[in-house]
Amino acid sequence: MSDNEKEENIKKSADPASLEVLDLAEEDEDLQSAWSRYDDMQPQCQFGEDGVCCRICNMGPCRIIPGKSDTGVCGATADTIAARNLVRMIAAGAAAHSDHGRDVVHTLTEAIEGEDPDYEVKDYDKLKKLARDFGVNEGNGKKDRLAKEVADESLAEFGRQEGDITLTERAPDERYKLWKEEGLLPRGIDREVVETMHRTHMGVDTDYRHVLKQGLRCALSDGWGGTMIATDVQDVLFGTPEPLQARVNLGVLEEDAVNLIVHGHEPALSEVFVEAARDPELLEFAREKGAESINVAGICCTANEILMRHGIPVAGNFLQQELAIMTGMVELMMVDVQCIMPALSDTAKNFHTDLISTSPKAKFPGVEHKEFSEKNALETAKEIVKKGIDNFDNRNPEKQTLPDQKEDLIGGFTSESVFDFLGGTYRSTYRPLNDAIIDGRLLGAAGVVGCNNPDTCHDYNHTEMAKELIKNDVLVVSTGCSAIADGKAGLMKPEVAFDLAGEGLEEICRAVGIPPVLHLGSCVDNSRILTLLSNMVAEGGLGDDISDLPVAGAAPEWMSEKAVSIGFYFVASGVYTLLNKPFPVTGSEKVMDYLTDDIEDLVGGKFAFEEDPKKAAHMMIDHIETKREELGLKSAMYAKTS
Ligand code: SF4
Ligand code: MSK
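Cut-offs used in this document
- Residues numbered from 1 in each chain as written.
- Chains lettered and ligands numbered in written order.
- Predicted model: local features only at pLDDT ≥ 70, side-chain atom pairs only at ≥ 80, totals over all residues.
- Heavy atoms only, no water.
- Helix = DSSP H or I, 4+ residues; strand = E, 2+ residues; numbered from the N terminus.
- Contact = heavy atoms within 4.5 Å.
- Core = buried A, V, L, I, M, F, W, Y, C linked by side-chain atoms within 4.5 Å.
- Buried < 20%, exposed > 50% of the residue type's maximum accessible area, 1.4 Å probe, protein only.
- Phe/Tyr/Trp six-rings, centres within 6.5 Å; stacked < 30°, edge-to-face > 60°.
- Axes fitted to C-alpha atoms, helices over the stretch in contact; angles between N-to-C directions.
- Parallel < 35°, antiparallel > 145°, perpendicular 65-115°, else oblique.
- Nonpolar A, V, L, I, M, F, W, Y, C, P; charged D, E, K, R; others polar.
- Domains from an automatic or database assignment.
- Buried area = accessible area lost by both parts, 1.4 Å probe.
- Salt bridge = Lys/Arg side-chain N within 4 Å of Asp/Glu carboxyl O.
- Expected span 1.5 Å × (residues − 1).

*Asks:* An account of the environment of Leu332 is needed here, citing residue identities and associated values.
*Replies:* Tracing the backbone through its elements, the reader meets Leu332 in strand 7 (residues 332–335). Leu332 sits 72 residues away from Leu260 along the chain, and the two C-alpha atoms are 5.0 Å apart. When sequence neighbours within four positions are dropped, the list of residues in contact with Leu332 reads Asn259, Leu260, Ile261, Thr353, Asp354, Ile356, Ile384, Lys387 and Gly388.

*Asks:* Talk me through the nonpolar core; I want residue IDs and the actual numbers.
*Replies:* Residues Leu469, Met536, Phe568, Phe583 and Leu595 are the most contacted members of the largest nonpolar core, which totals 164 residues. Broken down by element, this core gets its largest block of residues, 14 residues, from helix 10 (residues 208–238). Apart from the residues lying within four places of it in its own chain, the contact partners of Phe583 are Leu86, Trp558, Val564, Phe568, Leu595, Phe607 and Phe609. One finds Leu253, Ile299, Ala324 and Phe364 within the second-largest nonpolar core, a separate group that totals 37 residues.

*Asks:* A description of the packing of aromatic side chains should follow, citing residues and the corresponding values.
*Replies:* Inspection of the entire model under this criterion finds 10 aromatic pairs. When the ring of Trp558 is compared with that of Phe583, the centres are 5.5 Å apart and the planes differ by 65°; the resulting orientation is edge-to-face. Taken together, the residues Trp558 in the loop between strand 14 (551–555) and helix 24 (561–572) and Phe583 in the loop between strand 15 (577–579) and helix 25 (589–603) connect sequence positions 25 residues apart. Pair check on accessibility: Trp558 and Phe583 agree, each one buried. Seen from their ring centres, Tyr569 and Phe570 are 5.3 Å apart, and the 35° between their planes marks the pair as tilted. For the residue pair Tyr569 and Phe570, the accessibility class agrees, reading buried in each case.

*Asks:* Explain the packing of helix 5 (residues 78–112) against helix 24 to me, using residue names and the numbers behind them.
*Replies:* Packing of helix 5 against helix 24 leaves a shortest axis separation of 7 Å and a crossing angle of 100°. One element, helix 5, and the other, helix 24, form an angle in the roughly perpendicular class. Taking contact as the criterion, the partners of Leu86, Met89, Ile90, Ala92, Gly93, Ala94, Ala96 and His97 in helix 5 are, on helix 24, Glu561, Lys562, Val564, Ser565, Ile566 and Phe568. Across the contact of helix 5 with helix 24, the residue classes break down as nine nonpolar, three polar and two charged.

*Asks:* Describe the domain arrangement of the protein chain, listing the residues and the values that go with them.
*Replies:* According to the domain assignment, the protein chain contains domain 1 (78–238), domain 2 (250–399) and domain 3 (410–641). For domain 1 and domain 3, the distance between their C-alpha centroids amounts to 24 Å. The interface is formed by 40 residues belonging to domain 1 together with 38 residues belonging to domain 3. Between domain 1 and domain 3, a total of about 3200 Å² is buried, with carbon and sulfur atoms accounting for 68% of that surface. When residues of domain 1 are sorted by the area they lose upon contact with domain 3, Met89, Arg175 and Leu216 head the list and together hold 19% of the total. At the junction of domain 1 and domain 3, the tally comes to five salt bridges. Between Asp79 and Lys590 there is a salt bridge, and its shortest N-O distance comes to 3.7 Å.

*Asks:* Account for helix 19 (residues 460–471), naming residues and giving values.
*Replies:* Taking 1.5 Å of rise per residue, the 12 residues of helix 19 would be expected to cover 16 Å, and the 16 Å separating its terminal C-alpha atoms lies within 8% of that figure. Buried residues of helix 19: Asn461, His462, Thr463, Met465, Ala466, Glu468, Leu469 and Ile470, and no others. Following helix 19 by one or two positions, Asp473 has its phi on the positive side, about 65°.

Written out as C-alpha cells, the structure is:
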C-alpha cells in the first residue's frame, strides 16, 4: 500500500487498531469493507439524501425537482414527502427497540413459568421497583408471582388500547403535563408504530407538522415504553450492572485462545453463552484442540450488555465487525439482531471464521442458522461454543493479524449506581450531582451516544466531542458504539480526568474515583439517561422539567433508524440534541426549520446539525450555559476552554 493510500485510510478511522487491519485488508483485492463499499457507492443519490424521493405507491416513484416536478403524481409536496419518510424511519427504529423489549419480557414469562430453566429473576429489588411503577401489589412476598404480574403488565403496554404508556409517569410532572396537553402521550407501543405507518400511507396525513408530531409520539413510545421496558426487565433477569473493569478493542482477541464473538443487540443468548464458555468439559475440549482457553468478546450492543454485567471484553463497535473477522483470529461469530452487516457472510468466507445466526427473526443467505429458544438456551449455547472450538485448528497463521491495541475501561454505570458513587454508598442521592452543577464545579452533563458511519472518520467525532466536553467540565454519559469508541480512546479510566478534564470535573472524578466519561450501556440503555434526567429534576434546584436542565445530547456519527427514534425521544423529552449530519429531509426547508427551531416551542428541545465535533461540542456548551443563565445559576467555577 502506498503512503498516499495509507494517509487516505487514516481519514477513515481514528482508531489505530482498525487502521492496522484496514491497511492489510486493502492489500487483498478479495476483501471489501464498509469503507470500500461506501466509496463504490459514490456519488450517493441526492434525492434520497434530501428526502424528496417517494415510492410509497405505484404511481411513483416520484422525486421532487424544484421548478420541474414540484410535487409527486398525487400532489404531495417536498414537505410532506420528507416528513413522511422521516417518521417512517422513527417507526422502524421504535419497532426494533420495542420488539427487543417484548422478547425480553417473553423470556421473563417463560423463566417464571418453569419452561425456561436457564433463566431466573436475578434482581428482586428492581422487580419490586418495576412492580410499584406498574401499580402491582408487591406485598405477598412471592417472587415468581410478582414477576408474572410485572411481565403481564409490561406485555400489556405493547398492545394497550386505552390510556397511556405507564412508564411515561416516570417523567417529571411538568413534562408529563406538557405531553398530555399537546396530545403527545404515547398510547400502546405497537399502536404508535402502526398509526405512524397508517398516517404515512398514500393519501392520509399530509400536513408535515402533523406528521412530525406523530413521529414525536411514536418515538416517545420507544424511549419511555419499549426501550425502558427492555432495560428494566433485562436488569430484573440478568442483574442490574455495577461498575466493573474490562478491556476494549481488537487487541482483546487472544492468540492462544479460541476466540468467540457475539454481535447484535439481544443479551438473552449471549448471557448463557458466557456461562457455556466456562463449562469445564468445553474448556477441556479447547485444550485438546491446542488452545489455552476460551475467550468470549463482543461487538456492538450485545457486547455492551455482557460488558456491563460480566466485564466481558469488547472487540469493537459497529465499523469493526468485519475487521474482527479480518484479523483471522476469530473462530466463530454468533449474531442475533440489528446492526449486523449482510457483508459478514462474504468476509467470513475469506477466513476460517464460522458465522452463525441465532434469531428466529434474522437469517442470512449462506450462513448456518442455529435457532435460539429460551427453552434450550444453554444447550444451544454449548453447541455453538463447541463448534467454535472445533474450528480452532483451522486458523491460518498466514492470514493472522493481531493488533496490540486494547484499553482498560470502567463500565457498568446505571442511573442508580452513578449516584451511589456520587452520594456515597450508604446515601444514594442525586444531591451531590445537582449541587456540583449549581455551584459551578460542573457546567452540566451531556449524553453522547449512537453509531459509526463510514461517511465520517470512525470514532473521531465521538472521542473529539467527548474530550472537548470534559475539558469544559461537562460530565459525559455514553451508550452504544459511542461508548465503545470512548473506551478505546482511554476516556473511561478515572485517571484520564487528571489530564483531560476541566478542573471542576477533575475534582469530582478524583474525589469519587469515576471516569469523566461514564459507560451507561447499550442502545436500549438510553432509557437510563432518561431516568437520570428525571431524577435530576426530582432532586431539585435545577428547574421543574428536563428542558430546564443544563444538559445536551448528541449522536455525532449516527447511522441507524434506531438513532432517529432515539434523537426524537430525547428532543420530545426536552433535550437539545446535536447530530453531525442532518436527517434526510434537507429537500424541505420547512421540515428543516421545524426540526431546528419551531419544535422547541412545542417540546422545549430541538435538533442542531454540525459535522465538526469540536464546534458541535461548543454548541452544546453554549446551550448548557443558556440553561444555567435561565436557572439563575452562578457562572461556571472554572474558565471555559475553547
Ligand atoms: Fe408519488 Fe404520491 Fe405515490 Fe408518493 S404517494 S409515490 S408522491 S404518487
Ligand atoms: S449497535 S444502533 S450501530 S450504536 Fe447499538 Fe452501534 Fe448504532 Fe447499532
